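Single-letter residue listing:
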Amino acid sequence: MDHRLAAPTPPLGWNSWDCYGAAVTEAEIRGNAEYMAERLKDYGWEYVVVDIQWYEPGAVSSQYRKFVPLEMDEYSRLLPAVNRFPSAAGGAGFKPLADYVHGLGLKFGIHIMRGIPRQAAHAATAIKGTTATARDIAHPNSICPWNTDMYGVDASAEGAQAYYDSLFELYAEWGVDFVKVDDIAASRLYDTHLPEIGLIRKAIDRCGRPMVLSLSPGPAPVHYAEELAGLANMWRMTDDFWDRWELLLDMFDRCESWQGRARPGNWPDCDMLPLGHIGIRSVDGGGADRWTRFTRDEQRTMMTLWSLFRSPLMFGGELRDNDDWTLSLLTNREVLAMHRDSDGARLVFREGDRVVWTTSVQGGAAYVALFNTGETELEVSVSGSELALGGSASATELWSGEAWGTVEPGGTLAASIPPHGAKLFKLS
């Protein structure tokens, strides 16, 4: 099966990292899944993803405990910590939790680190389907600089493919629909780990269950765009993204460098949406338990850029604490239709603090986003010729629903934009 069929449109979901770090529990996963099923599923949100270290019984935050024992089976495969995921008892793994999420009409995802557990390599434990051991395939010089759980896998070693095959065989048995693989899309110590990505791609193709493959962290190098597209569905354009304006401002550069690369099954990824109530047990991103530090204008800017660019949308906050404002950002049907159906997002111009992007639906509406990245209110305008308008079009601002009048091919679309703000127009 063509791996692109697993994600014909950019995935929408929730991930536990921004609010719970490495310490999320089964009850919290179930609670957020229930909220998604009740309040968001009708809008296309569907993935519920358990982020890093679900196999670490003593995890308490986003700060990793070093060289601690991890839950593992006899074939060197990590298992959910039963004290945090009670339904995993008796070797059931994530199947009961995945079954619960599927029963809500949603899809279930997990985070893994590339490689094989260091504890497995040190103990030379078995690998299913081969006489090689964990020690035989471990690459002890290939390590993650910020987490001590794993060694990289030597992709040329006998047994390396069998190890990844056994992992994804297990995940298929559990009912996993989405796998976020970390320390692989880019590295502070090494280049992109293309050989290990290749092992993972082959293992997913062999496991008999479609799974979205998401690669983290970034920035993934643009010069590997075609290789990544041939192996994965999503890849991060950035390191972890948090609720700081300078990171959001930087994303304009990253989107510009990756424009033209988004297509069905292949989605350059701006990373998660640090919105709503975050930092509950995640102290990453320079803050503790808090509501997002983004202003409302910055939140609209982020949602506008991510949606028009067609990045995957992964909400990071505790969904059950959402206020009406936060929920409104996730349930704007017109914005979500643009995100789902448009194509060809491109930068029209960037002049000082004025930024304009556009995209369109084949044979249908065009969309225009006007951004102000500066510190004072600005008038931002774009001409019909710059937008390649073929005729007059009526404009509607999608966040407010306000009718904006008619734009002629020889005329302009203009609006006053607040600092760090955006307006998003549909031209039809």
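Residues numbered from 1 in each chain as written. Predicted model: local features only at pLDDT ≥ 70, side-chain atom pairs only at ≥ 80, totals over all residues. Heavy atoms only, no water.

### A short note on the side chain of Gln53
(1) Moving on: Mapped onto the elements, Gln53 comes out in the loop between strand S2 (47–50) and helix H3 (95–103).
(2) Moving on: The exposure class of Gln53 is buried, given its relative accessible area of 1%.
(3) Moving on: Reaching out from Gln53, the side chain makes a polar contact with the side chain of Asp149 at a distance of 2.9 Å.
(4) Moving on: The contacts of Gln53, once residues within four sequence positions are left out, are Ala22, Ala59, Tyr64, Arg84, Asn147 and Asp149. (Helix = DSSP H or I, 4+ residues; strand = E, 2+ residues; numbered from the N terminus. Buried < 20%, exposed > 50% of the residue type's maximum accessible area, 1.4 Å probe, protein only. Polar contact = N/O pair within 3.5 Å; in protein donor to acceptor, adjacent residues only side chain to side chain. Contact = heavy atoms within 4.5 Å.)

### Focus on the pattern of salt bridges
(1) Moving on: In the structure shown here, the tally under the stated rule is 27 salt bridges.
(2) Moving on: Note that Arg77 and Asp73 form a salt bridge whose closest N and O atoms lie 2.9 Å from each other.
(3) Moving on: For Asp73, a relative accessible area of 12% translates into the label buried.
(4) Moving on: One salt bridge in this structure joins Glu169 and Lys128, with 2.6 Å as the shortest N-O distance. With Glu169 in helix H6 (residues 160–174) and Lys128 in the loop between helix H4 (118–123) and helix H5 (134–137), this residue pair connects regions lying 41 residues apart in the sequence.
(5) Moving on: Residue Glu169 is classed as partly exposed on the basis of its relative accessible area of 30%.
(6) Moving on: Bridged by salt links that share partners, the residues Arg114, Asp183 and Glu196 form one connected network. (Salt bridge = Lys/Arg side-chain N within 4 Å of Asp/Glu carboxyl O.)

### Remarks on the sheet that holds strand S13 (residues 313–315)
(1) Moving on: Ordered by their spatial adjacency, eight strands build an open sheet running S10-S9-S8-S7-S3-S2-S1-S13, and the pairing between neighbours is parallel. The sheet is open, and its two borders are formed by strand S10 (267–269) and S13, each paired with just one other strand. Strand after strand, the sheet turns through a mean of 25 degrees between neighbouring axes, direction not considered.
(2) Moving on: In this fold helix H2 (residues 26–40) packs onto strand S1 (12–15) and S2, with an angle of close to 165 degrees to the strand it touches most, S2. (Pairing = 2+ DSSP bridges. Axes fitted to C-alpha atoms, helices over the stretch in contact; angles between N-to-C directions.)

### Comments concerning helix H9 (residues 245–258)
(1) Moving on: The end-to-end C-alpha distance of H9 is 20 Å, a good match for the 20 Å that 14 residues give at a rise of 1.5 Å each.
(2) Moving on: Backbone geometry just after H9 places Gly260 at a positive phi near 85 degrees. (Expected span 1.5 Å × (residues − 1).)

### Some thoughts on the pairing of strand S8 (residues 212–215)
(1) Moving on: By the alternation rule, side chains of S8 split into Val212 and Ser214 and Leu213 and Leu215, which are all buried.
(2) Moving on: Crossover handedness for the path strand S7 (residues 178–182) to helix H7 (residues 194–207) to S8: right-handed. (Right-handed = clockwise from strand over helix to strand, strands pointing away.)

### Comments concerning the pairing of strand S3 (residues 107–113)
(1) Moving on: Among the seven residues of S3, six are classified as buried, and the element is accordingly described as predominantly covered.
(2) Moving on: Taken together, the four bridges between S2 and S3 define a ladder with parallel strand orientation. Within S3, the position partnered with Val50 by the bridge is Ile110.
(3) Moving on: At this point the chain moves from S2, through H3, to the parallel S3, and the crossover so formed is right-handed.
(4) Moving on: Bridge count for S3 against S7 is five bridges, and the pairing is parallel. Bridge pairing in S7 places Met113 opposite Asp182.

### Structural notes on the nonpolar core
(1) Moving on: Phe168 and Trp357 are the most contacted members of the largest nonpolar core, which has 131 residues in total.
(2) Moving on: The dominant element in this core, judged by the number of residues it contributes, is H6, at nine residues.
(3) Moving on: Taken together, domain 1 (3–341) and domain 2 (345–427) each give at least three residues to this core, which thus spans both.
(4) Moving on: Core analysis: the next-biggest nonpolar cluster, separate from the first, contains 19 residues, Val356, Val382, Leu413 and Ala415 among them. (Core = buried A, V, L, I, M, F, W, Y, C linked by side-chain atoms within 4.5 Å. Domains from an automatic or database assignment.)

### Quick notes on the packing of aromatic side chains
(1) Moving on: Counted by the stated rule, this structure contains 18 aromatic pairs.
(2) Moving on: With a centroid separation of 5.2 Å and 85 degrees between ring planes, the pair formed by Phe85 and Phe94 is classed as edge-to-face. Here the two residues Phe85 and Phe94 agree in accessibility, since each one is buried.
(3) Moving on: The rings of Trp54, Tyr55, Phe85, Phe94, Phe108, Phe168, Tyr171 and Trp174 are connected pair by pair, giving a single aromatic cluster.
(4) Moving on: Here the basic side chain of Arg30 rests over the ring of Tyr100, its NZ or CZ set 4.4 Å away from the ring centre.
(5) Moving on: For Arg333, the ring lying beneath its charged end belongs to Tyr43, and the centroid distance is 4.0 Å. (Phe/Tyr/Trp six-rings, centres within 6.5 Å; stacked < 30°, edge-to-face > 60°. Lys NZ or Arg CZ within 6 Å of the ring centre and 35° of its normal.)

### Focus on the UniProt feature "domain: Alpha galactosidase C-terminal" (unreviewed entry) in the chain
(1) Moving on: Here the UniProt feature "domain: Alpha galactosidase C-terminal" (unreviewed entry) sits at residues 351–427.
(2) Moving on: Taken end to end, residues 351–427 is 0% helix and 58% strand, and its two terminal C-alpha atoms sit 23 Å from one another. (UniProt positions renumbered as here; feature names shortened; annotations may be inferred.)

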